[in-house]
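Summary of the model geometry
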Amino acid sequence: MNFRYIESAGVYEGFCLVKSVNIKKTSKGSTFLDLVLADRSGEIGAKLWDYREEIHGTVSVNDLIKVRGPISPFNGEDQLRVDRIRKVSPEDGLRLEDFIPCAPEDGLQMLEEIEKAVAGFRDAGLRDLVNTILSEHRERLLFYPAAFKLHHAIRGGLLYHTLSILRMAQMICAQYPFVDADLLYSGVILHDIGKVYEFDADATGIAEKYTLEGNLVGHIARGAGIVHETAERLGTDRETALLLEHMILSHHGTPEYGAVQYPAFLEAEILSELDMLDARIYEIAHAVSAVPKGDFTQRQWALDNRRLYNHGRMEPAQEKE
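Residues numbered from 1 in each chain as written. Predicted model: local features only at pLDDT ≥ 70, side-chain atom pairs only at ≥ 80, totals over all residues. Heavy atoms only, no water.

Notes on the state of the cysteines
Applied cut-off: The disulfide definition used here is simple: a pair of cysteine sulfur atoms within 2.5 Å.
All told, the structure shown has zero disulfides when counted by the stated rule. Lacking any disulfide linkage, cysteine 16 is separated from the closest cysteine sulfur, that of cysteine 102, by 16 Å.

Here it is as structure tokens:
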């Protein structure tokens, strides 16, 4: 935690985000707050003993607060005993984004770049279909993560993942002009659209849990359903819509990884490969950034249980500072 140590008082002080808060009672009946506080550097458990709302005020999840108190080990981990607490004021000049991991690019700018690519489609049917779906999900797209815990599980991660693949797809189409660019870009832009229904995420852009729909249906089937329903409503050419639905259903590559079908044509195969490539680049860079140069990471279960080496030849990848 990026707290300042006040040596004269033996306490730490700093700003943080309330990640969780529970009102509890001690065995003697006094009320206390059990908190998890977070900033970009990590998180810490905290206790506010003898909590009284009329003195300390209310504390809610996603509040930005300033705290002060000593830190000591408890059950093998650091814990803060909160002596002072207040909510952040406008004069502090802080934003929610300062305390959570964010995509390195602004959400609105990323969405505008995607929309600019769609505006260049020659296929008017695909252009209308993609624009309609983007417009109807615009609010969530601006902050949603791309995953619950793995790749791009950050604020704006869904758009960042999508835009990264789109940029790679544009380079591929420049190299291989026989690739149907409009179809490939459409599949890239919409392949994870179902994720805005798969997770419960608030303005922090951090997914708290899977939704009922996420558990029972999943983002792949939901995304194909969004394309199907929107295409029916707009009167999109049926075969074109089917091609796009197939790209969503097959973008995980194999049934082992959740695909409903294997990719059955070139653009579907390219999407599947780019999706895996971008996810693995992010996961490897993120894991390696957490260890010093010359060290190996812990085993990464999402990457075939590999330990990864930080050779230190490049600056480590970090979320937006």
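And the narrative resumes.
Observations regarding helix H10 (residues 238–250)
Convention followed: Note on conventions: DSSP H or I runs of at least 4 residues are helices, E runs of at least 2 residues are strands, and numbering of each starts at the N terminus. In a helix, the anticipated span is given by 1.5 Å times the number of residues less one. Contact between two residues is taken to exist if any of their heavy atoms lie within 4.5 Å; hydrogens are not considered.
For H10, with 13 residues, the first-to-last C-alpha span of 18 Å sits near the 18 Å given by 1.5 Å per residue. Those residues of H10 that are buried lie in contact with helix H3 (124–136), helix H6 (181–190), helix H9 (218–234) and helix H11 (266–288).

Side note on the pattern of salt bridges
Threshold: In what follows, salt bridge is the name for a side-chain nitrogen of Lys or Arg lying within 4 Å of a carboxyl oxygen of Asp or Glu. Three exposure classes are used, based on accessible area relative to the maximum for each residue type with a 1.4 Å probe and protein chains only: buried under 20%, partly exposed in between, and exposed over 50%.
This model, assessed by the stated rule, comprises 19 salt bridges. The shortest N-O distance in the salt bridge between arginine 167 and glutamate 113 comes to 2.8 Å. Of this pair, arginine 167 sits in helix H5 (residues 157–175) while glutamate 113 sits in helix H2 (residues 107–119); the two residues are 54 residues apart in sequence, bridging distant segments of the chain. On the accessibility criterion, arginine 167 (27% relative accessible area) is partly exposed. Residue classification places glutamate 113 among the partly exposed residues on the basis of a relative accessible area of 32%. For arginine 222, the salt bridge goes to glutamate 213, with nearest N and O atoms at 2.3 Å. For arginine 222, a relative accessible area of 23% gives the class partly exposed.

Some words on H6
Most of H6 is tucked away, with 10 of its 10 residues classed as buried. Along H6, the residues classified as buried are Ala181, Asp182, Leu183, Leu184, Tyr185, Ser186, Gly187, Val188, Ile189 and Leu190.

Brief notes about a negative patch on the surface
What counts is decided by this rule: Patch definition: residues with relative accessible area over 30% and no salt bridge; like charges joined within 9 Å; nonpolar side chains (Val, Leu, Ile, Met, Phe, Trp, Tyr) joined within 5 Å. Throughout, the Shrake-Rupley method with a 1.4 Å probe supplies accessible areas, and for residues the shown protein chains are the sole cover considered. Neither His nor the chain termini are counted; the positive set is Lys and Arg, and the negative set is Asp and Glu. To locate a charge, take NZ of a lysine, CZ of an arginine, CG of an aspartate or CD of a glutamate.
Residues Asp123, Asp180, Asp237 and Glu239 make up a contiguous surface patch of negative charge. One can find aspartate 237 in the loop between H9 and H10.

Examining the nonpolar core
For soluble globular proteins, nonpolar side chains are generally found buried alongside one another. Rules: Here, nonpolar core means buried Ala, Val, Leu, Ile, Met, Phe, Trp, Tyr and Cys residues that are tied together by side-chain atoms lying within 4.5 Å of each other.
If you look at the biggest cluster of nonpolar residues, it comprises 52 residues, and the most contacted ones within it are Leu134, Leu184, Tyr185 and Leu190. Mapped onto this core, the elements with two or more residues apiece are H2, H3, H5, H6, strand E9 (199–201), H9, H10 and H11. If you tally residues by element for this core, the top one is H5, at nine residues. The residues touching leucine 190, leaving out its near neighbours within four places in the chain, are Val130, Ile133, Val227, Leu244 and Ile248.

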